[in-house]
Amino acid sequence: MSALVIDSVSKNFGGVQALTDVSFSIAPGERRLIIGPNGAGKTTLFNMLSGAFPVSSGQVTLFGRDITNAPPNLRANLGLARTFQITNLFPNLTVMENLILALQAQHEHAFSMFRLMRKESALFDRAQALLSQWGLSDIAGARAREISYGQQRQVDLILAMAGAPKVLLLDEPTAGLSAAEVVRVVGMIGDLPADMTVLMIEHDMDVAFDIADRIAVLHQGCLIAEGTPDEIRGHPQVTEIYLGAD
Amino acid sequence: MKTTSPARMALFLAVAAALALILPYVLTPYYLGLVVKMMIFALFAMSLDLLIGFTGMASLGHAAYFGLSAYVTGLTALTLGWNVWLALPAGLMASAVAAGLFGLLALRTRGSYFLMITLALSQLMWGIAFGWRSLTGGDDGLPDVPRPRLWQGYSLTDGVSFYFFAFGLIALSGWLLYRITASPFGQCLRGIRESETRMLALGYDIWRYKFTAFVLGGLFAGLAGSLYVYYNRFVSPDYIHVARSAEVLLMVILGGAGTLIGPAVGAAIIVALENVISAYTERWVMLLGFVYVIVALFAPNGLTGLIESLRKKRAGP
């Protein structure tokens with residue numbers, strides 16, 4: 001069974017056709033990259049998949065379950081996590097508190113008023129372990145808005161993967177990062193569990209072709225090509241979009 | 001998370017409790033009454049802080065629950081002769097139900113739209129209290145609400161016993177509010193304040209959290225309102241008016257939203273100022289506006305924020 005099936009999804013923003021009849025499916029454990037010029041509809045597609053906006057038509061299926069009209073929180077509980085193109089953390093909370101919120105999302109006791117947060121030592125231990133795993137222990141007590149942009153991107157990524165999702169949507173995780181930070185974030189993505197399905201938007205072609213098992217190319221809201229990195233590299237229409245005609 | 005050491009916290013609580021026990025015996029009845037008023041508004045402000053400071057929902061209609069509970073407690077005590085064991089819970093129940101119903105509507109919006117709809121809903125309640133003369137007495141209000149009668153023949157008629165009654169309930173509420181904000185639920189409220197979209201993407205059903213916080217805020221505001229009607233022995237549409245909602249909003253902002261203790265201190269300051277200044281001038285509301293401008297300019301994070309930044313400055317960069 002496919003991890004994620006996108007079936008003839010279209011999106012119309014009051015007359016602007018952002019996506020037209022996009023269909024493709026992603027196998028479990030696949031690293032799927034979405035590329036395309038600005039305005040191609042990549043982030044719109046992500047917002048359809050994560051449930052931020054409703055689709056105009058079409059269907060989205062997660063492991064055989066129709067999630068086309070499911071609210072974002074339900075999709076997350078079904079194992080679909082996402083990062084954001086524009087960093088979306090809890091700015092006035094510490095990095096540790098950010099992680100705690102990510103970790104306790106799947107616990108029913110998140111709603112409890114009769115426990116004390118500071119006594120949830122199992123959660124703090126897991127958050128600590130995640131931070132040290134990614135070498136960020138020293139910023140645990142800093143507020144998310146005070147850490148560097150590169151660190152914020154990494155925390156954004158950790159928040160999404162903390163709940164061990166089955167499918168992870170990454171919206172330009174390397175955008176705006178320095179060369180060294182790109183290497184770091186690409187390393188983090190490479191270290192994700194092999195059975196985690198990753199769908200990722202990326203502008204940097206080197207990064208995209210490096211990570212991808214398969215690539216989907218969007219242009220003006222349409223899926224114009226799909227295939228392995230080698231197939232995409234040689235695809236005439238893709239070359240035309242990126243390098244210009246003739 | 002900034003935490004105070006348990007030893008300092010215990011010391012602070014011990015001093016506060018000792019002070020609370022001594023006060024009735026050192027203050028004149030007039031000033032003791034003023035302290036009770038401060039405590040009631042401290043609870044009112046803390047209940048609003050749960051919405052504004054912790055969940056990021058700026059309500060400009062919080063007096064609706066304060067006033068409704070006051071009316072229900074006052075009316076049932078006056079017309080049905082209910083004692084405090086019935087009249088007070090009836091008020092709380094009414095304010096919680098109203099908060100639930102209003103929450104269903106208001107929580108469809110956020111930001112300034114939320115502010116407007118909470119304002120509109122509270123003014124609706126004000127209109128009912130003002131217009132339904134046969135029930136509420138209109139703008140004359142309901143005078144002669146009896147002081148709480150704990151059991152047959154024992155009413156809290158004197159200032160000291162009423163002080164302890166109010167203090168007990170308000171201290172308990174303050175502790176409950178603290179526990180709520182220090183719980184996983186409270187942490188989720190902060191998450192919602194910081195980023196609703198991220199909370200949704202993490203899998204939180206944020207509506208459920210916001211709705212619960214909204215009803216809890218209404219419930220504690222209702223307790224403050226019921227205590228206030230017993231305190232004043234009177235209730236009028238002023239209890240619900242937007243001016244009161246704005247006043248309690250100012251208490252929260254003056255003290256520092258999101259800290260509980262800040263809004264409680266803010267409430268005490270505003271009540272004290274109002275008391276002192278209205279002895280000299282009738283332009284109290286103008287002064288309130290002046291206070292607001294000063295706070296917005298020089299202490300946008302309230303007094304607790306001001307103290308925090310001064311402490312940081314002293315500690316060096």
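All of these numbers come straight from a predicted model, not from anything done at the bench.

In this section: the overall build of chain B. Counting secondary structure elements, chain B contains 14 helices and four strands. Taken over C-alpha atoms, the radius of gyration comes to 19 Å for chain B, in line with the 20 Å a tight globule of 317 residues would show. Here the C-alpha coordinates of chain B stretch approximately 60 × 45 × 40 Å along the principal axes. Looking at chain B as a whole, 48% of its 317 residues are labelled buried.

What follows concerns unusual backbone geometry. One non-glycine residue, Phe63(A), lies in positive phi territory at about 45 degrees. The phi angle at Asp144(B) is positive, at roughly 60 degrees, despite the residue not being glycine. Overall, the presence of 9 C-beta atoms within 10 Å leaves Asp144(B) in the exposed class.

This paragraph deals with the interface of chain A and chain B. Across the contact, 31 residues belong to chain A and 22 residues belong to chain B. Sorting the residues of the side of chain A that touches chain B by element identifies α2 (72-77) and α3 (95-104) of chain A as the ones contributing at least two each. Considering every element that reaches the side of chain A that touches chain B, the biggest residue donor is α3(A), with five residues.

An α-helical turn contains 3.6 residues, so a residue and the one three or four places further along point in the same direction. Summarising burial for α3(A): 10 of the 10 residues are buried, a large majority. Along α3(A), the positions that sit buried rather than exposed are Val95(A), Met96(A), Glu97(A), Asn98(A), Leu99(A), Ile100(A), Leu101(A), Ala102(A), Leu103(A) and Gln104(A). Residues of α3(A) that are buried make contact with α4 (121-133) and α5 (149-162) of chain A together with α8 (184-194) and α9 (196-202) of chain B.

All names here are of chain B. Closest axis-to-axis distance for the helix α2 (residues 29-54)/helix α12 (residues 261-277) pair is 7 Å, and the angle between their directions is 135 degrees. By the angle class used here, α2 and α12 are oblique. Handedness of the crossing formed by α2 with α12: right-handed. Where α2 approaches α12, its residues Leu34, Lys37, Met38, Phe41, Ala42, Phe44, Ala45, Met46 and Asp49 are matched on the opposing element by Pro263, Ala264, Gly266, Ala267, Ala268, Val271, Ala272 and Asn275.

Let us look at the sheet that holds strand β3 (residues 31-35) of chain A. Residues and elements named next belong to chain A. Reading across from one edge, β6-β7-β8-β3-β9-β10 is the order of the six strands in this open sheet, with mixed pairing throughout. Unpaired on one side and paired on the other, β6 (80-82) and β10 (222-227) mark the two borders of the sheet. Taking the axes of each pair of neighbouring strands and ignoring which way they run, one obtains an average angle of 15 degrees across the sheet. Direction of pairing for β3 relative to strand β8 (residues 197-201): parallel, over a ladder of four bridges.

Let us now look at the sheet that holds strand β5 (residues 65-66) of chain A. All names here are of chain A. The strand order β2-β1-β4-β5 describes an open sheet built from four strands, whose pairing is antiparallel. Two strands lie at the open edges of the sheet, namely β2 (16-26) and β5, each paired on one side alone. Of the strands in this sheet, β1 (4-13), β2 and β4 (57-62) touch helix α1 (residues 42-50), which is tilted by about 65 degrees from β2.

With that out of the way, let us pick up the domain arrangement of chain A. Partitioning chain A into domains gives domain 1 (4-87 + 164-243) and domain 2 (90-144). Summarising the inter-unit geometry, the C-alpha centres of domain 1 of chain A and domain 2 of chain A are found 28 Å apart.

Here the focus is the nonpolar core. Residues Leu99(A), Ile40(B), Ala42(B), Phe44(B), Ala45(B) and Ala267(B) are the most contacted members of the largest nonpolar core, which totals 163 residues. When we break this core down by domain, the ones giving at least three residues each are domain 1 (4-87 + 164-243) and domain 2 (90-144) of chain A.

Turning next to the pairing of β10(A). All names here are of chain A. The pairing of strand β9 (residues 214-219) with β10 spans five bridges and is antiparallel. Across the sheet, His219 pairs through a bridge with Cys222, a residue of β10. Counting the residues that bridge the hairpin from β9 to β10 gives two residues, and of these Gln220 lies at a positive phi of roughly 50 degrees.

This paragraph deals with the environment of Thr55(B). All names here are of chain B. Tracing the backbone shows Thr55 in the loop between α2 and α3 (63-79). On the basis of neighbour count, Thr55 is assigned to the buried category, with 27 C-beta atoms found within 10 Å. In the structure, Thr55 is positioned 131 residues away from Gly186 in sequence and 8.5 Å away in space, judged by C-alpha atoms. Beyond its immediate chain neighbours, meaning those up to four positions away, Thr55 contacts Leu50, Leu189, Ile192, Arg193, Lys210 and Ala213.

Attention now goes to helix α5 (residues 112-131) of chain B. Here α5(B) is 20 residues long and its end C-alpha atoms lie 28 Å apart, about the 28 Å a rise of 1.5 Å per residue gives. Of the surrounding secondary structure, the elements contacted by the buried residues of α5(B) are α3, α4 (84-106), α6 (133-136) and α11 (242-255) of chain B.

Each pair of packed helices gets described by two things: the angle between the helix axes and the distance between those axes. Residues and elements named next belong to chain A. Two numbers describe how α3 lies on α5: the axes approach to 8 Å, and their chain directions differ by 25 degrees. Here α3 is positioned roughly parallel relative to α5, judged by the angle of their axes. For the pair α3 and α5, the sense of crossing is right-handed. Contacts between α3 and α5 pair Val95, Asn98, Leu99, Ala102 and Leu103 from the former with Val155, Ile158, Leu159 and Ala162 from the latter.

Turning to the pairing of β4(A), a few remarks are in order. In the case of a regular strand, side chains alternate between the two sheet surfaces. Residue and element names in this part refer to chain A. Taken together, the five bridges between β1 and β4 define a ladder with antiparallel strand orientation. Paired with Ile6 across the strands is Val60, a residue of β4. Pairing of β4 with β5, which is carried by two bridges, proceeds in the antiparallel orientation. Bridging from a neighbouring strand, Leu62 pairs with Arg65 of β5.

Definitions and limits used
Residues numbered from 1 in each chain as written. Chains lettered and ligands numbered in written order. Predicted model: local features only at pLDDT ≥ 70, side-chain atom pairs only at ≥ 80, totals over all residues. Helix = DSSP H or I, 4+ residues; strand = E, 2+ residues; numbered from the N terminus. Rg over C-alpha atoms; globule rule 2.2 N^0.38 Å. Buried ≥ 20, exposed ≤ 12 C-beta atoms within 10 Å, placed from the backbone. Contact = placed C-beta atoms within 7 Å. Axes fitted to C-alpha atoms, helices over the stretch in contact; angles between N-to-C directions. Parallel < 35°, antiparallel > 145°, perpendicular 65-115°, else oblique. Left-handed = near helix turned anticlockwise from the far one by under 90°. Pairing = 2+ DSSP bridges. Domains from an automatic or database assignment. Core = buried A, V, L, I, M, F, W, Y, C linked by C-beta atoms within 7 Å. Expected span 1.5 Å × (residues − 1).

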